[in-house]
Amino acid sequence: MNASTGSAPHFLDVDDFSAPALRRVLDRALAWKEAGKVPDLLAGRAVAAVFEKPSARTRVSFEVAVSTLGGHCVTLRGEELGLGTRESVADVARTLASYCTMIGARVFDHRVLEEMARLGGIPVVNLLSDAAHPGQAVGDLLTLEEHLGGPVEGRRLAFVGDGNNVAASLALAAALTGLEMVIASPPGYELDDSVAERARNLGGIVELVTDPFDAVAGADAVYTDVWTSMGQESENEARLAAFGGFQVNAELMAAARPDTLVLHCLPAKRGLEITDEVIDGPNSVVWTQAQNRMHSYRSILVELSGAED
C-alpha cells in the first residue's frame, strides 16, 4: 500500500485498491466502453496532470479520460514546476490542491508521489514512477478480460524481460484478480523480492524464472517491455548483452499455444525486445491495450472522486 497518511484515497500502485474495488473499476470501464458513452461525473472539476517524464499514451489517455467525463485537465511539464528545485513538492501539491480536485503525476522518483499524497489533501494518481505503473496494469487487465472472454482468474500471464515498474504493478494486479503470473528475467534484472512478497501476501501466484521458453509454455498471454527504460540510458550496453536471449519472436511464441495473446505497453524498440512479425501479428492485442489506457483512467478517476455513476 502507499505511504500516504492523508484522508484522501490515492492510486500510487494497484494494491491501493482492494480486490472488490479493482473489480468495480474493471467492470465500470468495460461497461462504458461497450456503451460508447460516459456520464459527465467530473463536470465542473479540474484535474492537474504533472509530467516530469516525456509521455505519449499516458498523457493523451489521461487528458481524454478527464475531458470525456466532463472535467478540465491542466497539464504541467516538469520544467515548468521544477519539483524539488524551483519549488518544494509539498508546496506544489498544496497549491494544485487549491485549484484542482485530483492530481495525476508521471515522475522519476516514487517518493515524489508519496509526498504529494501525504501533503496535498486530494487524490493522487500515479501516471508512472520508477516503482510502479498502475494505470497501465489496469488497462492490461481490461485487455486480457476482453480478449479472453471474461475474468482472468486461473489464467496465466508470462512476462518476458526486465522486472521493472510495469512488471511490478502487473504482479500486484494479477494477485488481486487471481491471474497467475510468471516473470522470466536474466540474473540481476528480476522482479524485486519485496514486490513478489507483496503479491504473494495478496494471495497471488508469482513465479520468477530465468528461461523465457519455460515461462511462455501454457501461457494465455505473453507480455514484454523495453529492456532499457527512461533514466537507464547509461546501462544500455550492459542491458543489451543481458537480455539478448529474451526477445519475443516467432521462435519463442512457437513454444506457447497457437492462441496465446501478445502484449506490449509501448513504446516498443522493434527488433530488440519484440519483432515486427510478433507485434504486428494476428495474436497481438497491443493496440487495444493502448486504447484501454483511456477507458481504465476514466474508471480510476471516478473511483477516486467519489462521484456516483
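Being a predicted model, the structure only gives us computed values, none of them experimental. Each chain has its residues counted from 1, running along the sequence as written. Local features in a predicted model are, by the rule used here, given only for residues with pLDDT of at least 70; side-chain atom pairs are given and counted only at 80 or more, and totals for whole chains, interfaces and linings are based on all residues. The side-chain quantities take in all heavy atoms of the structure and omit both hydrogens and water.

K.L.:
Mind showing me how you'd approach the environment of threonine 85 here?
P.N.:
Numbered from the N terminus, helices here are DSSP runs of H or I no shorter than four residues, and strands are runs of E no shorter than two. Here threonine 85 lies in the loop between α3 (78–81) and α4 (89–97). Each residue is assigned to one of three classes by its accessible area relative to the maximum for its type, calculated with a 1.4 Å probe on protein chains only: buried under 20%, partly exposed between the two thresholds, exposed over 50%. For threonine 85, a relative accessible area of 70% corresponds to the exposed category.

K.L.:
Explain helix α7 (residues 165–177) to me, please; I cannot follow it from the model alone.
P.N.:
At 3.6 residues per turn, the α-helix brings residues three or four places apart onto the same side. Expected span, for any helix, means 1.5 Å times one less than how many residues it has. Taking 1.5 Å of rise per residue, the 13 residues of α7 would be expected to cover 18 Å, and the 19 Å separating its terminal C-alpha atoms lies within 8% of that figure. Counting buried positions over the 13 residues of α7 gives 13, a clear majority of the element. In this structure asparagine 164 caps α7, since a side-chain oxygen of it lies 3.1 Å from the backbone nitrogen of valine 166. Backbone geometry just downstream of α7 places glycine 178 in the positive-phi region, at approximately 80°. N or O atoms within 3.5 Å of each other form a polar contact, as long as, within protein, one can give a hydrogen and the other can take it, and as long as residues adjacent in sequence are counted only when both atoms are side-chain atoms.

K.L.:
How should the pairing of strand β7 (residues 206–209) be read in this particular structure?
P.N.:
Across a regular strand the side chains alternate sides, sitting on one face of the sheet and then on the other. Pairing geometry for strand β6 (residues 180–184) and β7, over four bridges, is parallel. Bridge assignment links isoleucine 183 to a residue of β7, and that residue is leucine 208. In this view, the connection linking β6 to its parallel neighbour β7 by way of helix α8 (residues 193–201) has right-handed handedness. One requirement defines pairing of two strands: DSSP has to find at least two bridges between them. If the strands point away from the viewer and the path from the first strand over the helix to the second runs clockwise, then the crossover is right-handed.

K.L.:
Looking at this model, I keep getting lost on the environment of arginine 293. Mind explaining?
P.N.:
Along the chain, the position of arginine 293 falls in helix α13 (residues 286–305). It is 7.9 Å that separates the C-alpha atoms of arginine 293 and phenylalanine 62, two residues lying 231 residues apart in sequence. Apart from residues lying up to four places away in sequence, arginine 293 is in contact with Arg57, Thr58, Ser61, His133, Gly135 and Gln136. Engagement of the side chain of arginine 293 in a polar contact is seen with the side chain of glutamine 136, the distance being 2.8 Å. Note on definitions: a residue-residue contact is assigned when non-hydrogen atoms from the two residues lie within 4.5 Å.

K.L.:
Teacher, can you tell me more about the sheet that holds β6 here?
P.N.:
Paired through their backbone hydrogen bonds, the strands of a sheet run either parallel or antiparallel. Strand order in the open sheet formed by five strands is β7-β6-β5-β8-β9, and the pairing between neighbours is parallel. Here the strands that pair on one side only, and so sit at the sheet edges, are β7 and β9 (261–264). Here the average twist between neighbouring strands, direction ignored, is 20°. Geometry is summarised by axes, namely lines fitted to C-alpha atoms with helices restricted to the contacting stretch, and by angles between N-to-C directions that run from 0 to 180 degrees. Each of β5 (156–160), β6, β7 and β8 (221–224) is contacted by α7, which is oriented at about 160° to β6, the strand it contacts most.

K.L.:
Would you mind going over the sheet that holds strand β3 (residues 102–106) with me for this structure?
P.N.:
Within the open sheet, the four strands sit side by side as β2-β1-β3-β4. Their pairing is parallel. Each of the sheet's edge strands pairs with one partner strand only, and the pair in question is β2 (72–77) and β4 (124–128). The average angle at which neighbouring strand axes cross in this sheet is 20°, direction not considered. Relative to β2, strand β1 (residues 46–51) runs parallel, the two sharing six bridges. Paired with valine 50 across the bridge in β2 is leucine 76.

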